[in-house]
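This is what each chain is made of:
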Amino acid sequence: MRTFGHNTIDAVPNIDFYRQTAAPFGEKLSRPSLSELHDELDKEPFEDGLANGEEPSAAEEAAALAAKEGKGGTVKFGWIKGVLVRCMLNIWGVMLFIRMSWIVGQAGIGLTIAIILMATVVTTITGLSTSAIATNGFVRGGGAYYLISRSLGPEFGGSIGLIFAFANAVAVAMYVVGFAETVVEMLNDVDALMTDELNDIRIVGTLTIILLLGISVAGMEWEAKAQIVLLVILLAAIANYFIGSFMSTESKEPKGFFGYHTAILVENLGPDFRDDETFFSVFAIFFPAATGILAGANISGDLTDPQSAIPKGTLLAILITGITYVFVAISAGSCVVRDATGDHNDTVSDTVNCTDAACTLGYDFSICKEGGCQFGLMNDFQVMSLVSGFGPLISAGIFSATLSSALASLVSAPKVFQALCKDNIYPGLGVFAKGYGKNNEPLRGYVLTFCIGLAFILIAELNIIAPIISNFFLASYALINFSVFHASLANSPGWRPSFKYYNMWVSLAGAILCCVVMFVINWWAALVTLLIVLALYIYVSYKKPDVNWGSSTQALIYNQALTHCLSLTGVEDHVKNFRPQCLVLTGYPNSRPALLQLVHSFTKNVGLLVCGHIRTVTRRPNFKELSQDHARCQRWLNKKRIKAFYTTVFSDNLRHGTQFLLQAVGLGRLKPNTLVMGYKNNWSDGDMRDVEIYINTIHDAFDLQFGVVILRLQDGLDISHIQGQDELLSSHEKPPIGSKEVVVSVILPKDPDSDSCPSKTTSNQSSPLSGKPGNKSISECQRVSLTSPCVISCHVKSSATETKSPLSLTDQRLLETSQQFKKKQGKGTIDVWWLFDDGGLTLLIPFLLTNRSKWGDCRIRVFIGGKINRIDHDRRAMATLLSRFRIDFSDINVLGDINTKPKKHNKLTFKELIEPYRLKEDDMEQEAAERLKAQEPWRITDNELELYKAKTNRQIRLNELLKEHSNAAKLIVMSMPLARKGTVSSALYMCWLETLTKDVPPLLLVRGNHQSVLTFYS
């Protein structure tokens, strides 16, 4: 590709690089990756076809365009037909014709305008918020659900999407029943009822919804044409009313219509609430007439340019309909009196003293004060028919208003539901995601909406469900407003709406207003709505759908986390707030489940847990594989509900990798203070250089003021060599070039983004396996894992296809013990051998464990060293200390015989253990001994053995006491012996740890950094 006159694969900015995979317009292109531009050149840099960033020829572009057009035929709507017309038809409901005059009679012209303006303020703010969200990126189908879910996340979007789709489905029934009632009234006037009124409503309603379903299924184009026809009828009816208001006749005067008169305007200016009506009750009746502003947004997937159409169409529709309602209110209040008898003989006589507007116009309707009048604003719902120039056209307008709203809802519900099902928020609803035809019509959704609507039509009593429907719509409006406030508050760089006429605080006020209106309309319906939203929110939160839409919730969480992290850095650590923050050398998280589960038990919701993984390499590391493994392992931890982070580094050995992690892991105060490792069970079978690295890693942790915890299980910890040890273990990728790794079982990955967490064993030598088919199988190989302190014996067979072989008894036992901390421990003890004061970490960890339900039945027993003649005194002193620390314990044992000499056979066993690692400098020349010690610094000198004879005997004796007192314990927590750096050799220290921890229950060696972590001060 030629860029700026030079040949390069680097690409210039292109919109197609930023498309999502499922982009409806245009094809997604991939820009050259950083590796393609930065890595060393291979012999064949590109595969067949175009290189990334290279442009196709003109002929290829023409062919692609023709193929795209061949698939065409999709019907898309502009802002007038798609949004403006739909919103106006939905907002101009039946309320305009049969309730507006009654509202004017009750509230008066002044308060009616106030009611209209209040409702318009709510819808306008919501319209502005909708416009802001709709212009902050490409909008797909799903309307309110899509806008809310992509802004606030699947929890809010999923809950609102379901009730919004249901509300639209039931709204179909509500509008159809309104239409059917009008038809049945007309039939009743001419004595043409088929059965009785209730059943006639059901019959007419059923036939109507079948007709509407036919129009909808025929396609969006037919539905749009039907909407245009209905709009023409509706506009004609409104025009007919205004024309009629200037054509007063004497025949209409007894019914209260006198034409425009100042006296009537002044009289109807103030309120006259009757029948226990109030301002808010009248507002509650009117407000549903102002809803419907999302009718255009609900078919966002069928709009040519949703970003432009939704703001223009929605806001203009709110303006036009709001002005219409105000003019109708002023008009009705200026030419029709509140009460009229309908009797031509009720004219003013000289004997009657009346002062109202009707009197000035020659009529006396004072009898209406006693009740019983059937005409006027307060009594006649058909005032608009009376005023209009041609009455039947008003009936046609009522039909148009109800049918258009029903049709809009019948289209909206399936579209929103289809979008919800496509996102798979609720398992089992995926069947409704399928679309048909060129417009991807949700035919199954239409049928479901039809069934729901028909069921409620057959009930024919919607007085209870109607307020809930209004509240469902208002809940959607509230969340749309809150979405804008939330996105602005999160201050995410991705929040850049091209529609600028919004304000976060206005949107928040709009959300609060919507909630207030919900309770004003119907308090119990508002409570029901909130409970349903809350229940669905909790369900979706619990299920945790695997979606990532970059919601403002994520952005706000990040903001808050960053703010709190920074604020913590300004506060000094206090002993009362100490919590163990553990860096655990797990390797891959699923490699050592017992270690991970035990540490998670005392850090969950208390402290930080970081799974550290050191990848040993000899040549160039594969950083791409590193990032893929990181994402997979973090997902694995999340899926297992382990509250931990995973981090990995490349290094040449365990010690250097641990140094990197100890120094670099963490953020401010959220930084590990304790290193947790597995015990190196088979250390004696491997290379002693690895033991030197292992022991020096412990020294490094102490140098950096970390506490150190080592877990030993007699069967070991590492299960990564066992094929199929985890149900999510579906991929074992090949090691990178130069990596010291041997793949024990090879299963090709299904998906690089899968949740499987690879599990590999690493070798300190180059791999003896080769891919050639003729190689002999390697019967047995010793593998020393440098990612954690364990040595693994494994059988590796060189075969084209790896088959599952039955597990050995050793592996079966290893698998069983690896899960022992996952289950409830039952009644037992945690024995704490607090031999040396390390600041209290040895005591704090078992206390935190007993706070967990898994360990709740275990009791703490404390063992301390002491003298035989001071046992009671030492026990009382320790009991006092523990009670001041407010730590419950079941028993305190003072070990008076701790300094007794160990048994001879145990001393002999220790002597045999150290024999291979002794330097034996007395048997060689001094120069040779020094040279050997320099080459193999782990060797034990005779001088060292003599110097630390007492400490050696103590480790042997402590093991005897452990077997005597704690053989039945669920867990032993013991003070870790320290070895002075540079004085005690690695082999001797390792022999101490081996002798101390051999053949006992699960044992946790703990040594804090000797800073207090417990206090008895408040």
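Rules used in this analysis
Residues numbered from 1 in each chain as written. Predicted model: local features only at pLDDT ≥ 70, side-chain atom pairs only at ≥ 80, totals over all residues. Heavy atoms only, no water. Helix = DSSP H or I, 4+ residues; strand = E, 2+ residues; numbered from the N terminus. Buried < 20%, exposed > 50% of the residue type's maximum accessible area, 1.4 Å probe, protein only. Contact = heavy atoms within 4.5 Å. Areas by Shrake-Rupley, 256 points an atom, 1.4 Å probe, with all protein chains shown as cover. Disulfide = S-S within 2.5 Å. Pairing = 2+ DSSP bridges. Right-handed = clockwise from strand over helix to strand, strands pointing away. Phe/Tyr/Trp six-rings, centres within 6.5 Å; stacked < 30°, edge-to-face > 60°. Lys NZ or Arg CZ within 6 Å of the ring centre and 35° of its normal. pLDDT = per-residue confidence, 0-100. Core = buried A, V, L, I, M, F, W, Y, C linked by side-chain atoms within 4.5 Å. Axes fitted to C-alpha atoms, helices over the stretch in contact; angles between N-to-C directions. Parallel < 35°, antiparallel > 145°, perpendicular 65-115°, else oblique. Left-handed = near helix turned anticlockwise from the far one by under 90°. Nonpolar A, V, L, I, M, F, W, Y, C, P; charged D, E, K, R; others polar.

Visitor: Looking at this structure, I do not really get the overall build of the protein chain. What am I missing?
Guide: Counting secondary structure elements, the protein chain contains 32 helices and 16 strands. Relative to its full complement of 1018 residues, the protein chain shows a buried share of 51%. Sequence-distant contacts in the protein chain: of pairs separated by 6 or more residues, those separated by 24 or more amount to 79%. A total accessible area of about 47,500 Å² is found for the protein chain, and carbon and sulfur atoms account for 57% of it.

Visitor: What should I look at first to understand the state of the cysteines in this one?
Guide: Here, the word disulfide means a covalent bond between the sulfur atoms of two cysteines. Counted under the stated rule, the structure contains one disulfide. Between cysteine 368 and cysteine 373 runs a disulfide, and the two sulfur atoms are separated by 1.9 Å. One quick way to see it: the torsion about the S-S bond of cysteine 368 and cysteine 373 is about -95 degrees, and its sign makes the bridge left-handed. Overall, cysteine 368 belongs to the buried group, its relative accessible area being 7%. With no disulfide partner, cysteine 514 has as its closest neighbouring cysteine sulfur the one in cysteine 515, 6.9 Å distant.

Visitor: Just checking my understanding: could you explain the pairing of strand β16 (residues 1003-1007) for this structure?
Guide: Residues in a regular strand project their side chains so that they alternate between the two faces of the sheet. A large share of β16 lies buried, amounting to five of its five residues. Side chains Leu1003, Leu1005 and Arg1007 of β16 all project onto a buried face; the interleaved residues Leu1004 and Val1006 project onto the opposite face, where all are buried too. Examined bridge by bridge, strand β7 (residues 707-712) and β16 share five bridges and lie antiparallel to one another. Along β16, the bridge assignment pairs leucine 711 with leucine 1004. Pairing analysis gives four bridges linking strand β15 (residues 971-975) to β16, with the strands arranged parallel. Its bridge partner being in β16, methionine 974 is matched across the sheet by leucine 1005. Of the crossover connections in this fold, the one passing from β15 over helix α32 (residues 986-997) to the parallel β16 is right-handed.

Visitor: For this particular structure, what's the right way to read the packing of aromatic side chains?
Guide: For any pair of aromatic rings, geometry is given as the distance between the ring centres together with the angle between the planes. Under the definition given, this model contains 25 aromatic pairs. Between phenylalanine 156 and tyrosine 537 the ring centres are 4.8 Å apart and the planes differ by 45 degrees, which places this aromatic pair in the tilted class. Here phenylalanine 156, found in helix α7 (residues 154-189), pairs with tyrosine 537, found in helix α19 (residues 523-543); they are 381 residues apart in sequence, far enough to count as distant. Judged by its relative accessible area of 29%, tyrosine 537 is partly exposed. Members of the aromatic cluster, each reached through a chain of ring pairs, are Phe258, Tyr363 and Phe365. The ring centre of tryptophan 549 lies 3.9 Å from the NZ or CZ of arginine 150, which sits over that ring.

Visitor: How should I be thinking about the pairing of β15 in this particular structure?
Guide: Most of β15 is tucked away: five of the five residues are buried. Side-chain alternation along β15 places Leu971, Val973 and Ser975 on one buried face and Ile972 and Met974 on a second face that is also buried. In this sheet, β15 lies alongside strand β12 (residues 828-833) in parallel orientation, the contact comprising four bridges. In the strand pairing of β15, tryptophan 833 is matched with methionine 974.

Visitor: Looking at this structure, how should I read the confidence of the model for the protein chain?
Guide: Residues shown with low pLDDT carry predicted positions that ought not to be read at fine detail. The predicted model of the protein chain has a mean per-residue pLDDT of 81, with 84% of residues at 70 or higher. Taken together, the stretch residues 727-754 has pLDDT below 50 and engages in 82 contacts with residues farther than four places along the chain or on a different chain.

Visitor: Would you take a moment to explain unusual backbone geometry for this structure?
Guide: Leaving glycine aside, a negative phi is the common case for residues, and trans is the common case for peptide bonds. Positioned with a positive phi, asparagine 491 is a non-glycine residue whose angle comes to about 60 degrees. Mapping asparagine 491 onto the fold places it in the loop between α17 (465-490) and α18 (504-521). Judged by relative accessible area, asparagine 491 falls into the exposed class, the value being 60%. In this model, aspartate 999 sits at a positive phi of 55 degrees, which is unusual for a non-glycine residue. Classification of aspartate 999 as partly exposed rests on a relative accessible area of 45%.

Visitor: I keep staring at the nonpolar core and nothing clicks. Help me out?
Guide: Here is a general trend for soluble globular proteins: nonpolar side chains tend to be buried in one another's company. With 138 residues, the main nonpolar core has Phe97, Phe286 and Tyr325 as its most contacted residues. A total of 16 residues in this core trace back to one element, the largest contributor, which is α7. Those residues in contact with phenylalanine 286, other than ones at most four positions away along the chain, are Met100, Ile103, Ile115, Ile116, Ala119 and Tyr325.

Visitor: Could you clarify how one ought to interpret the sheet that holds strand β14 (residues 891-895) in this entry?
Guide: Strands belonging to one sheet form pairs held by backbone hydrogen bonds; the direction of such a pair is parallel or antiparallel. Taken in spatial order, the ten strands line up as β5-β4-β3-β6-β7-β16-β15-β12-β13-β14 in an open sheet, and their pairing is mixed. Of all the strands in the sheet, the pair left with one neighbour each is β5 (645-651) and β14. Taken over all neighbouring pairs, the strand axes of this sheet differ in orientation by 20 degrees on average, direction set aside. Both strand β3 (residues 582-585) and strand β4 (residues 609-616) contribute to a ladder of four bridges, which runs parallel. Looking across to β4, one finds that cysteine 582 is bridged to leucine 609. With respect to the sheet, helix α24 (residues 688-703) is in contact with β6 (674-678), β7 and β16, its orientation differing from that of β6 by roughly 165 degrees. Where helix α27 (residues 871-884) meets the sheet, its contacts fall on β13 (858-865) and β14, and the angle it forms with β14 comes to roughly 140 degrees.

Visitor: Would you mind going over the packing of helix α15 (residues 391-422) against helix α16 (residues 443-459) with me for this structure?
Guide: Between two packed helices, what matters for the description is the angle formed by their axes and the separation of those axes. Remark: α15 packs on α16, axes separated minimally by 8 Å, with the N-to-C direction vectors making an angle of 125 degrees. Relative to α16, the element α15 is oriented oblique. Seen from above, α15 lies across α16 with right-handed handedness. Contacts from Leu410, Val411, Ala413, Pro414, Lys415 and Phe417 in α15 reach Gly445, Tyr446, Leu448 and Thr449 in α16. A breakdown of the residues in the contact of α15 with α16 according to their chemical character gives seven nonpolar, two polar and one charged.

Visitor: I keep staring at the environment of alanine 132 and nothing clicks. Help me out?
Guide: By the element assignment, alanine 132 lies in helix α5 (residues 100-134). Apart from residues no more than four positions distant in its own chain, alanine 132 is found in contact with Val484, Trp495, Pro497, Phe499 and Tyr502.

Visitor: So what exactly am I meant to see when it comes to the environment of aspartate 872 here?
Guide: Turning to its location among the elements, aspartate 872 is positioned in helix α27. On the basis of relative accessibility, which here comes to 49%, the residue aspartate 872 falls in the partly exposed class. Sequence separation between aspartate 872 and asparagine 893 is 21 residues, and the spatial gap between their C-alpha atoms is 9.8 Å.

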